[in-house]
Amino acid sequence: MSDFTKYQALGNDYLVIDPLRVDFTATAQTVRLLCDRHLGVGADGVLIGPTAEPRPGEPVGLRIFNSDGSPCEKSGNGLRMFALYLAEHYGAGPVRPEEPAETSVVLRTVAGDSRADILDFAEGRVRVEMGVPAFATDAPVGLTAGARHLDVIGLHLGNPHTVVPLDEVSADLARELGPLIAWHPAYPEGTNVQFLSVLDRGTIRIEVWERGAGYTLASGSSACAATAAAHRLGLVGEHVVVEMAGGTMEVSVGEQGEITMTGTAEQVATGDFSPAFRARLGQGVPA
Ligand SMILES: N[C@H](CCC[C@H](N)C(=O)O)C(=O)O
């Protein structure tokens with residue numbers, strides 16, 4: 001059994017560490033070192049789970065951390081990856097990879113439960129029910145970031161998001177304004193930020209700056225938040241293709257406002273920590 005399994009979804013990468021199989025204590029420090037692209041393995045975040053032996057029909061718990069070591073309530077890409085991890089490693093339990101169309105599991109984070117269905121195991125295609133967003137206000141509100149006055153829409157989807165609708169978006173813009181908005185005094189807990197451009201009623205483009213991880217090539221919960229905001233503003237219909245730097249995802253808005261996302265994720269590698277790195281993690285060297 002490997003110490004870690006690395007996944008990526010549209011260029012957003014996470015390490016899965018399974019506490020039932022590996023002795024690992026997640027602290028801000030150990031997560032930061034693991035995620036460091038120069039000193040560690042490298043990732044946008046870490047998924048620690050399952051938190052207890054999976055039992056058929058019962059929710060499976062996981063904890064999620066950002067690359068800066070901060071805990072986060074939820075990660076859309078992370079949930080898709082973790083559903084695949086469970087199918088690959090605990091297949092006969094809550095999920096059945098031999099019956100891909102029927103493979104489903106309820107994942108439990110501090111943000112609540114999310115049902116995940118593996119639609120195509122070979123392609124790593126997973127659909128996740130992300131819940132109903134809670135909007136901070138009915139209409140966009142003004143926010144000053146640097147020298148810019150922006151109209152933004154704040155919403156919670158288990159984790160916090162701020163959507164910035166603009167005519168055009170770019171990675172440079174996200175890198176410039178993202179950190180100013182993510183830690184703006186208006187958001188004491190910080191916020192994930194989506195720069196949104198609506199291309200047509202079925203297509204949006206977003207650039208993402210994540211709280212705790214910075215610029216990322218894609219973010220599942222961000223794709224959902226941006227779609228929910230665009231839908232609320234009447235700019236898109238119920239089914240939206242979300243273009244991000246790392247690829248596209250499909251997001252749907254249900255009758256009650258519930259958000260469902262579908263996209264791929266893939267396992268990249270499994271690996272073991274060297275004794276020296278394990279010691280640097282402060283986790284001790286296995287006998
Ligand atoms: N990449 C993640 C977002 C992580 C959210 C995290 N940065 C936070 O602090 O809430 C996703 O696919 O949804």
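The structure displayed is predicted, hence computed values, not measured ones.

1. A closer look at the pattern of salt bridges
What the rule picks out here adds up to 13 salt bridges. Here Lys6 ties to Asp13 by a salt bridge, and the two come within 3.1 Å at their closest N and O atoms. According to the relative accessible area criterion, Lys6 is buried, its value standing at 16%. A relative accessible area of 7% means that Asp13 is categorised as buried. Between Glu73 and Arg211 there is a salt bridge, with its nearest N and O atoms 2.8 Å apart. Of the two residues, Glu73 is situated in the loop between β6 (71-72) and α2 (76-89) and Arg211 in the loop between β15 (203-210) and β16 (214-216); the sequence distance between them amounts to 138 residues. Each of the two residues, Glu73 as well as Arg211, counts as buried.

2. Points about the domain arrangement of the protein
For interface size, the figure often reported is the accessible area lost on association. Taken domain by domain, the protein holds domain 1 (4-128 + 266-280) and domain 2 (134-257). The distance between the C-alpha centroids of domain 1 and domain 2 comes to 24 Å. The interface is formed by 18 residues belonging to domain 1 together with 21 residues belonging to domain 2. For the pair domain 1 and domain 2, the summed buried area comes to about 1300 Å², and 43% of that belongs to carbon and sulfur atoms. Considering only the side of domain 1, the residues that lose the most area to domain 2 are Leu10, Glu73 and Lys74, jointly responsible for 41% of the buried surface there. At the junction of domain 1 and domain 2, the tally comes to two salt bridges. Seen at the junction of domain 1 and domain 2, the total is seven residue pairs in polar contact (both at pLDDT 80 or more). Here the side of domain 1 that touches domain 2 takes three residues from α2, the largest share from any one element. Residues belonging to the side of domain 1 that touches domain 2 are distributed by class as follows: five nonpolar, seven polar and six charged.

3. Structural notes on the packing of aromatic side chains
One pair of aromatic rings is described through two measures. These are the centre distance and the angle between the planes. Considering all chains together, one arrives at four aromatic pairs under this definition. Clustering of aromatic rings is evident, with ring pairs tying together Phe4, Phe273 and Phe277. When the ring centre of Tyr90 is taken as reference, the NZ or CZ atom of Arg21 above it lies at 4.4 Å.

4. Digging into the environment of Ala225
Structurally, Ala225 can be placed in helix α4 (residues 220-232). Overall, Ala225 belongs to the buried group, its relative accessible area being 0%. For the pair formed by Ala225 and Ala26, sequence separation is 199 residues and the distance between their alpha carbons is 28 Å. Here Ala225 is in contact with Leu155, Leu157, His161, Val163 and Gln194, once residues within four sequence places are set aside.

Cut-offs and rules
Residues numbered from 1 in each chain as written. Predicted model: local features only at pLDDT ≥ 70, side-chain atom pairs only at ≥ 80, totals over all residues. Heavy atoms only, no water. Salt bridge = Lys/Arg side-chain N within 4 Å of Asp/Glu carboxyl O. Buried < 20%, exposed > 50% of the residue type's maximum accessible area, 1.4 Å probe, protein only. Helix = DSSP H or I, 4+ residues; strand = E, 2+ residues; numbered from the N terminus. Domains from an automatic or database assignment. Contact = heavy atoms within 4.5 Å. Buried area = accessible area lost by both parts, 1.4 Å probe. Polar contact = N/O pair within 3.5 Å; in protein donor to acceptor, adjacent residues only side chain to side chain. Nonpolar A, V, L, I, M, F, W, Y, C, P; charged D, E, K, R; others polar. Phe/Tyr/Trp six-rings, centres within 6.5 Å; stacked < 30°, edge-to-face > 60°. Lys NZ or Arg CZ within 6 Å of the ring centre and 35° of its normal.

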